[in-house]
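Architecture at a glance
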Amino acid sequence: MENPITSKCCNHQPWFVLLVFFVFCIELFSFDYSGFTAKKSALVTVLDDNHGNVINTQSSLPHDFTEITNASVYPLPKTDEKGDLKVGTEIDSCVGRYIFVHDLPSRFNEDLVNNCRLLTRGTDKNMCPYLDNLGFGPEIENPEDVLINNSWFLTNQFLLEVIFHNKMKRYECLTNDSSIASAIYVPFYAGLDMSLYLWGFNTTVRDSASLGLVKWLSEKPEWKRMWGRDHFLVAGRIAWDFRRQSDNETDWGSKLRFLPESKNMSMLSIESSSWNNDYAIPYPTCFHPSKDSEIFRWQDRIRRQNRQYLFSFAGAPRPEYQNSIRGKIIDQCLASKSQCKLLDCNYGTTNCDNPVNVMKVFQSSIFCLQPPGDSYTRRSIFDSILAGCIPVFFHPGTAYAQYIWHLPKNYTAYSVYLPVKDLSEWKINLNETLLRMPEDRILRLREEVIKLIPRVVYASSRSRSETLEDAFDLAVKGILDRIESVRVMIREGKDPSIGFADGDDYKYTFLPMVMVIEFTTLEIHS
């Protein structure tokens, strides 16, 4: 008997063969398409891994960057077919925060430290003691109980690059795989190198290490990813020291920051220049707490201080600078008698080298005057913050245009601004002006200053803070954001060189209206 099923199939054999062939074609097409998309996806990854090869250092873009993703740089958490996170998947807390540190030849860092007796500190020829305790210097004796034991060190204000490097060695998101790094750190001790050759050496000698550094960097595969725009270095001197604009032997400093390769890097230093690829981070102070409780203890002590002086000034006159207002400040301080305390820091004196002396004066003062000195900024800014002493600024370049990652944008919340660029504009009686400040505003200002303390100190690396971010943490966060903004430009198909290293002639100026607001505030409350 004939099987009805097979009989039916056989009777329609051509149609059956056609159906099988059709199904086979669909399967084959699906297989090829998946291979094609996989190849396409791999192509995008290759472009991302090597996007530096198509980033021109000039203003032209030979490639459409809109297709570039960060898939190979920032691996995403695993998801299921619906795109939801798989249960039990641990998200890497370092994604977007990984930093790769270049292993530089020793001539760029270690040799400088080992030859510390050749380094200069102005009149002091021996920098070696200041390099103790990972750059914090020797621990300070505290016989008068002015400080907190085991937290204060005799720290040199020009050793930021050494302190930063040693803290970076303990950064929780270091990586040996540069392909996943969000930033590349270049531990070149530019300030120490410069201090070897500042006086009595020609420009060729002064620039030798800088030229050697950029040559070494430019030959590394990490450089070609973004032509250095994901690289940063830290300097312990002001940025202007590295921006010599000519090769005249009498001109100051090196030309590190004007070298073509260096223009593609960002630099963090104790004072920024007016160029967009320089950023200021706080001077190292002498307070390096090893745990949060030491900061809280110090803040409580500062809140309870009896402040017998209306204002104080720690510094020296600058008669060599024609328009310096320091002489006028000293005169008015002396004329105010018991209202003002002057700490003489003139050349040859050691009053200001002892943190105990500085803290005693600032802790006993309501306001601390912070005029420009040899440059716009000074470490005294951060010493006054540590003491809970309200800083009084006379130029926007001293703090407001500088420490944008560490100090509040609303400068009136923590400081007083009296806009006096030079002596020709001096129309202030400091004693009368500060006496008009109402008590409730003084209390608010002081509390804001005390809250800033964790943000402006470089904490010890002996233990990690559980709740607070210090100056190092905020600097790292700032530079990572800076570099990410460049990557965003690349993804959007924009030229990353536009504005990256441009000069900003208005960086150190305020609009006249801003100046008027501060004065008006003082007058309203008088």
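Residues numbered from 1 in each chain as written. Predicted model: local features only at pLDDT ≥ 70, side-chain atom pairs only at ≥ 80, totals over all residues. Heavy atoms only, no water.

As annotated in an unreviewed UniProt entry, the protein carries the name Exostosin GT47 domain-containing protein and is attributed to Gossypium darwinii. Looking at the protein in UniProt, the text filed under Subcellular location (unreviewed entry) is "Golgi apparatus membrane". In its Sequence similarities (unreviewed entry) section, UniProt records this for the protein: "Belongs to the glycosyltransferase 47 family." (UniProt positions renumbered as here; feature names shortened; annotations may be inferred.)

1. Overview of helix 10 (residues 326–335)
Where helix 10 is concerned, the buried positions are Arg-326, Ile-329, Ile-330, Gln-332 and Cys-333. Down the axis, helix 10 shows its buried residues gathered within 165° of arc, on one side only. Seen from the buried face of helix 10, the exposed residues on the opposite side, beyond 90 degrees, are Asp-331, Leu-334 and Ala-335. Considering only its buried residues, helix 10 is in contact with strand 6 (309–315), strand 7 (340–344), strand 8 (365–370) and helix 13 (430–435). (Buried < 20%, exposed > 50% of the residue type's maximum accessible area, 1.4 Å probe, protein only. Helix = DSSP H or I, 4+ residues; strand = E, 2+ residues; numbered from the N terminus. Arc of directions from axis to C-beta. Contact = heavy atoms within 4.5 Å.)

2. Description of the state of the cysteines
Within this structure, the stated rule accounts for 5 disulfides. Bridging Cys-116 to Cys-128, the disulfide has an S-S length of 1.9 Å. The S-S bond linking Cys-116 to Cys-128 shows a torsion near 95°; that makes this disulfide right-handed. Of the two residues, Cys-116 sits in the loop between helix 3 (110–114) and helix 4 (160–168) while Cys-128 sits in the loop between helix 3 and helix 4, which places them 12 residues apart along the sequence. (Disulfide = S-S within 2.5 Å.)

3. Here's the deal with the pairing of strand 2 (residues 183–186)
Residues Ala-183 and Tyr-185 point to one face of strand 2 and Ile-184 and Val-186 to the other, with burial holding for every one of them. Across 3 bridges, the pairing between strand 1 (residues 99–101) and strand 2 is parallel. Across the sheet, residue Val-101 finds its bridge partner in strand 2, namely Tyr-185. Both strand 2 and strand 3 (residues 231–235) contribute to a ladder of 3 bridges, which runs parallel. Counterpart to Tyr-185 in the pairing with strand 3 is Phe-232. (Pairing = 2+ DSSP bridges.)

4. A few points about unusual backbone geometry
Positioned with a positive phi, Asn-133 is a non-glycine residue whose angle comes to about 55°. Relative to the assigned elements, Asn-133 resides in the loop between helix 3 and helix 4. Phi at Asn-150 takes a positive value of approximately 70°, unusual for a residue other than glycine. On the basis of relative accessible area, Asn-150 is assigned to the partly exposed category, the value being 45%.

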